Amino acid sequence: MSSSPNKPVLKLDWCSHEAAKWAVEHWHYSKTMPVSKSVHFGVWENGEFVGAIIFSWGANPNLSKPYGLEMTECAELVRVALRTHGTPVSRLLSIATKMIKRQSPGLRLLVSYADTRQGHHGGIYQAAGWVYTGETDRKFDFEWNGKILQRRSYTGKNFGGGRRRPPPGATKIESPSKYRYLYPLDAAMRAQIAPLAKPYPKRAVVVQAVEQPRPSADGVAERPDRSRIADDGRQ
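Quick caveat, the model's predicted, so the values are computed rather than measured. Per chain, the residues get numbers from 1 upward, laid out in the order the sequence is written. Totals for whole chains, interfaces and linings use all residues, but because this is a predicted model, local features are given only for residues with pLDDT of at least 70 and pairs of side-chain atoms are given and counted only at 80 or more. Computation of side-chain values covers all heavy atoms of the structure but excludes hydrogens and water.

1. A few points about the overall build of the chain
- Only DSSP runs of H or I with at least four residues qualify as helices, and only runs of E with at least two residues qualify as strands; both kinds are numbered from the N terminus onward. In terms of helices and strands, the chain carries 4 helices and 14 strands.
- Buried residues in the chain amount to 40% of all 235 residues.
- We call two residues in contact whenever any of their non-hydrogen atoms come within 4.5 Å of each other. Across the chain, every contact between residues at least 6 apart in sequence was considered, and the portion connecting residues at least 24 apart equals 67%.
- We get accessible surface area from the Shrake-Rupley algorithm with a probe of 1.4 Å; when it comes to residues, only the shown protein chains can shield them. About 13,500 Å² of surface is accessible on the chain, with carbon and sulfur atoms providing 51% of the total. Residue burial is assigned from relative accessible area. The probe radius is 1.4 Å, only protein chains are included, and a residue is buried under 20% of its type maximum, exposed over 50%, and partly exposed in between.

2. Some points on helix α1 (residues 17-27)
- Inspection of α1 places A20, A23 and V24 among the buried residues, and these make up the whole buried set. Within α1, the buried residues cover an arc of 95 degrees as seen down the axis, which keeps them to one side.
- Those residues of α1 hidden inside the fold are in contact with β2 (37-45), β3 (48-57) and β4 (74-82). Directions from the helix axis toward the C-beta atoms define the arc.

3. Quick word on the nonpolar core
- Of all hydrophobic cores here, the largest spans 29 residues; its most connected members are F55 and L110.
- Secondary structure elements with two or more residues in this core: β1 (10-14), β2, β3, β4, α2 (89-103), β5 (109-115), α3 (123-127) and β10 (178-184).
- The leading source of residues in this core is α2, at 6 residues.
- Sequence-distant contacts of F55, that is, excluding residues within four places in its chain, are made with K37, S38, V39, F41, E76, L77, V78, A96, T97, I100 and L110. Among buried residues, the Ala, Val, Leu, Ile, Met, Phe, Trp, Tyr and Cys ones that are joined through side-chain atoms within 4.5 Å form a nonpolar core.

4. Structural notes on the pattern of salt bridges
- Here a salt bridge means any side-chain nitrogen of Lys or Arg lying within 4 Å of a carboxyl oxygen belonging to Asp or Glu. With the rule as written, the count across this model stands at 3 salt bridges.
- The salt bridge partner of E25 is K21, with a shortest N-O separation of 2.5 Å. Residue E25 and its partner K21 are located together in helix α1, separated by 4 residues, close to a single helical turn.
- The exposure class assigned to E25 is partly exposed, which follows from its relative accessible area of 33%.
- Its salt-bridge partner being D186, residue R108 comes within 2.8 Å of it at the nearest N-O pair. Of this pair, R108 sits in the loop between α2 and β5 while D186 sits in the loop between β10 and α4 (187-193), and the two are 78 residues apart along the sequence.

5. As for the packing of aromatic side chains
- Note on ring pairs: Phe, Tyr and Trp rings are taken, using the six-membered ring of Trp, and paired if centres are within 6.5 Å. Classes follow the plane angle, with under 30 degrees stacked, over 60 edge-to-face and the rest tilted. One pass over the full model with this rule turns up 11 aromatic pairs.
- Measuring from centroid to centroid gives 4.6 Å for W14 and F41, while their planes differ by 35 degrees, and the two rings are tilted. Here F41 lies in strand β2 and W14 lies in strand β1, a separation of 27 residues in the sequence.
- Seen in terms of ring centroids, W27 and F49 are 6.1 Å apart; in terms of plane orientation they differ by 40 degrees. Their pairing is tilted. A residue pair is termed long-range when its members are at least 10 positions apart, and W27 in helix α1 and F49 in strand β3 qualify at 22 residues.
- Counting every residue linked through ring pairs, the aromatic cluster contains Y125, W130, Y132, Y179, Y181, Y183 and Y200.
- Only Lys NZ and Arg CZ are tested; either one counts as a charge over a ring when it is within 6 Å of the ring centre and within 35 degrees of the ring normal. Over the face of the ring belonging to W44 we find K11, whose NZ or CZ atom lies 5.7 Å from the ring centre.

In structure tokens form, the structure reads like this:
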């Protein structure tokens, strides 16, 4: 637990599956809880529950292979589900990574993805010092009743439980690439992934142009294209 003048009293601790699920369903854009084995850290400010940070094993059996690790040596940060809060997310991630390292001393690497479909570029990972290693391949997910269902929940076995079937009526949709971030938990792993590092991506935002109407070939003024894509360094 920590605090300073004019800042909330912060506490991170283990929380129940039910509490984490409630946070995800109310404060995360996916509204869905991962189906694989996971650990949950609750976040409290001034004694009030403000969210959960969730790490998972096994959802992607190939997660650890590119780094020469066993599945038990690599975990994925799958959800950061927070309501309005006062503590920077980068600080929450820093505390949570230290906690999971203590809880699982054999763990060597954390992986997470910024969902470009949601306009995310990984600003929280950049602020927390994670290593950006590029984009994933384009694949597919399922859409059902207006909700996006992650492909991995239906294309592999989940801890011996067999392969799940998508709900009737679910359709395949193209899934855009995501930004991949790594966080090493020991010096040797940090040295191993250092050559993979790439410059951090920036968030693309729509800004308003200030062009005046342009005359067309027939002399009629055309409306300018008032939106363009620009980059900024914000989260």
